Amino acid sequence: MLSLQQKKALEWLEEGKNFFITGGAGCGKSYIVNQIAQSEQIYKKIHITASTGKAAYLINGVTIHAFAGIETGVKSLEYYKRHMHPDIKKMWLETDVLIIDEISMINASTFDLLHLLACEIRKCWDELFGGLQVIACGDLFQLPPVSGDFVFKSQIWQKYMSEVLVLTQCFRQKEDEQFFGALNELRFGQVSNQAIDLFMTRCFEKDENLNSKYTRLFFKNIEVDCYNNQKMDSIKQEGYWFYAKDVIKNRNIPCTFQIPVAVYFKIGAIVMLVRNVNVEEGLCNGTIGTVVLIENNAVWVLMNKKEVKIECVKEEILDCSHAVVGSRFGLPLKLAFSFTVHKAQGSTMNKAVVQFNSKAFISSLYYVSLSRVSNLNDIFIIINNKFELQKIFKSISVNCDVLEFYKKYM
């Protein structure tokens, strides 16, 4: 059932408007993107893309860079025009609606490049993306571009992306309004003493007494690797390696697989599916379980209160013309004692332990990490000094330009 705000997005799709869907974590942004992509617009060819491979995977799309044929997006317009593959050019010409998810990580110059390239290919210079209907989606308060200005600083964005749909109805924390309110304060960088007191109730100095099956979130990859290795070393069982096999058909196109190239498991290890295996039975990307048996080419995992056999599967990487450029055959599992907050963006967790002992290099990571769960009691904040946690919350700030952007639409 769509909310009234979400229905507005489908109305704007029908009307051919270019628009931006935004809102806090758990407000149904990804859900409405999927609804748009699956809508019965028989006369419109819709392509769904995202700023990163992980985000594209979660919505069954491709990266915007792969769709557009711009590789990393750092070269000139002339270069991309000269080296444009015919299939990619055909895709640009045949597309009616282009969805770009997680737009917060696309910078202004990349957005301008996409616009200019589309105009050149489609021979139309007085409309956005050469006449394509563009639907952007994301939360500018979450992960920013790695470099460059925010996308809304683009003059092209300012000229054409005038319609903004702000989703305010919460679905993830709908049963815990007090928690949702505190998260919103965190998102806007205006954390009250009451909100700090609320978060302080979930503060723990050590995590030894917490359930080891709860997922640990860290701000840095090195911390994730260290924690996963420690947990594996603590399991006094024999370990087994599983190696994937790759077939790369076009080495000019980078292939980023979800299936790991090699994994080392022991009975008792916490693992996570990285591919959909059986959605009807809840065996989908992101499902976490415990290894109970290891065979030559398979692993038995306790997932959703049931022991299931996870075997090797094939993962294919497609270009924007849906031609296979590379494939990997391997076990669709990885260690999940912990992972980074970046990896957790867009996901909902049952329980999460967040390590605050190291400082987040982006303030928005605090909001992203704490908003993964549905209920306040499902989050556990680990920090050696509780007084330091109060300082962290009081010092959290957000980008002034992002704040001013949202004030126009709130």
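Before reading on, note that the structure itself is shown above.
Residues numbered from 1 in each chain as written. Predicted model: local features only at pLDDT ≥ 70, side-chain atom pairs only at ≥ 80, totals over all residues. Heavy atoms only, no water.

**Section: the overall build of the chain**
Right, so step 1: When helices and strands are counted, the chain shows 15 helices and 21 strands.
Right, so step 2: Here the chain has a C-alpha radius of gyration of 22 Å; the compact-globule value for 410 residues is 22 Å, and the two agree.
Right, so step 3: For the C-alpha atoms alone, the extent of the chain along its principal axes is close to 65 × 55 × 40 Å.
Right, so step 4: Evaluated residue by residue, the chain yields a buried proportion of 51% over its 410 residues.
Right, so step 5: Put simply, 70% of the contacts in the chain that link residues at least 6 apart link residues at least 24 apart.
Right, so step 6: Accessible surface for the chain amounts to roughly 20,000 Å². Of this, 49% is attributable to carbon and sulfur atoms.
Right, so step 7: The positive charge centre, built from 46 side chains, and the negative charge centre, built from 43, are 3 Å apart in the chain. (Helix = DSSP H or I, 4+ residues; strand = E, 2+ residues; numbered from the N terminus. Rg over C-alpha atoms; globule rule 2.2 N^0.38 Å. Buried < 20%, exposed > 50% of the residue type's maximum accessible area, 1.4 Å probe, protein only. Contact = heavy atoms within 4.5 Å. Areas by Shrake-Rupley, 256 points an atom, 1.4 Å probe, with all protein chains shown as cover. Lys, Arg positive; Asp, Glu negative; His and termini not counted. Charge placed at Lys NZ, Arg CZ, Asp CG, Glu CD.)

**Notes on helix α1 (residues 4-15)**
Right, so step 1: The terminal C-alpha atoms of α1, which comprises twelve residues, lie 17 Å apart, in line with the 16 Å expected from a rise of 1.5 Å per residue.
Right, so step 2: If you check which residues of α1 are buried, you get Q6, A9, W12 and L13. Burial along α1 is one-sided: seen end-on, the buried residues are contained in an arc of 110°. In α1, those exposed residues whose orientation departs by more than 90 degrees from the buried face are L4 and E15.
Right, so step 3: Those residues of α1 hidden inside the fold are in contact with β1 (19-23), α2 (29-37), β4 (97-101), β5 (133-137) and β6 (163-167).
Right, so step 4: After α1 finishes, the residue G16 shows a positive phi value of roughly 80°. (Expected span 1.5 Å × (residues − 1). Arc of directions from axis to C-beta.)

**Considering the layout of surface pockets**
Right, so step 1: Considering only enclosed or pocket space, the second largest pocket measures out at about 470 Å³ in volume.
Right, so step 2: It is helix α11 (residues 221-233) that provides the largest number of residues to the lining of the second largest pocket, a total of five residues.
Right, so step 3: Taken together, the residues of the lining of the second largest pocket break down into eight nonpolar, six polar and three charged. (1 Å grid on protein atoms, 1.4 Å probe; cavity = no way out; pocket = protein on both sides within 12 Å on 5 of 7 lines; lining within 4 Å. Points joined across faces, edges and corners; volume = space filled by probe spheres on them. Nonpolar A, V, L, I, M, F, W, Y, C, P; charged D, E, K, R; others polar.)

**Considerations on the sheet that holds β4**
Right, so step 1: Strand order across the open sheet formed by six strands is β3-β2-β4-β5-β1-β6, with parallel pairing between neighbours. Each edge of the open sheet carries a strand with a single partner, namely β3 (62-63) and β6.
Right, so step 2: The sheet strands contacting α1 are β1, β4, β5 and β6, and the helix crosses β6 at an angle near 155°. (Pairing = 2+ DSSP bridges. Axes fitted to C-alpha atoms, helices over the stretch in contact; angles between N-to-C directions.)

**Considerations on the sheet that holds strand β10 (residues 245-248)**
Right, so step 1: Taken together, the three strands give an open sheet; going across it, the order is β10-β17-β16, and neighbouring strands pair in antiparallel fashion. Both outer strands of the open sheet, β10 and β16 (313-318), are each paired with one neighbouring strand and no more. Averaged over neighbouring strand pairs, the angle between their axes works out to 15° when direction is ignored.
Right, so step 2: Where β16 lies against strand β17 (residues 324-330), six bridges are found, and the strand directions are antiparallel. Considered in β17, the bridge of V313 is made with G330.

**Side note on the pairing of strand β11 (residues 262-265)**
Right, so step 1: Going residue by residue along β11, you find V263 and F265 tucked away on one face and A262 and Y264 left uncovered on the opposite face.
Right, so step 2: Pairing analysis gives four bridges linking strand β9 (residues 240-243) to β11, with the strands arranged antiparallel. If you follow Y240 over to β11, its bridge partner there is F265.

**Considerations on the nonpolar core**
Right, so step 1: Of all hydrophobic cores here, the largest spans 62 residues; its most connected members are F199, F265, L333, F356, L370 and F393.
Right, so step 2: Core analysis: the next-biggest nonpolar cluster, separate from the first, contains 43 residues, L77, L117, W157 and V166 among them. (Core = buried A, V, L, I, M, F, W, Y, C linked by side-chain atoms within 4.5 Å.)

**Digging into the environment of E316**
Right, so step 1: Topologically, E316 is positioned in strand β16.
Right, so step 2: Take E316: its relative accessible area is 42%, and that puts it in the partly exposed class.
Right, so step 3: Along the primary structure E316 and D246 are separated by 70 residues, whereas in three dimensions their C-alpha atoms are 9.8 Å apart.
Right, so step 4: Those residues in contact with E316 that sit more than four places away from it in its chain are V324, G326 and S327.

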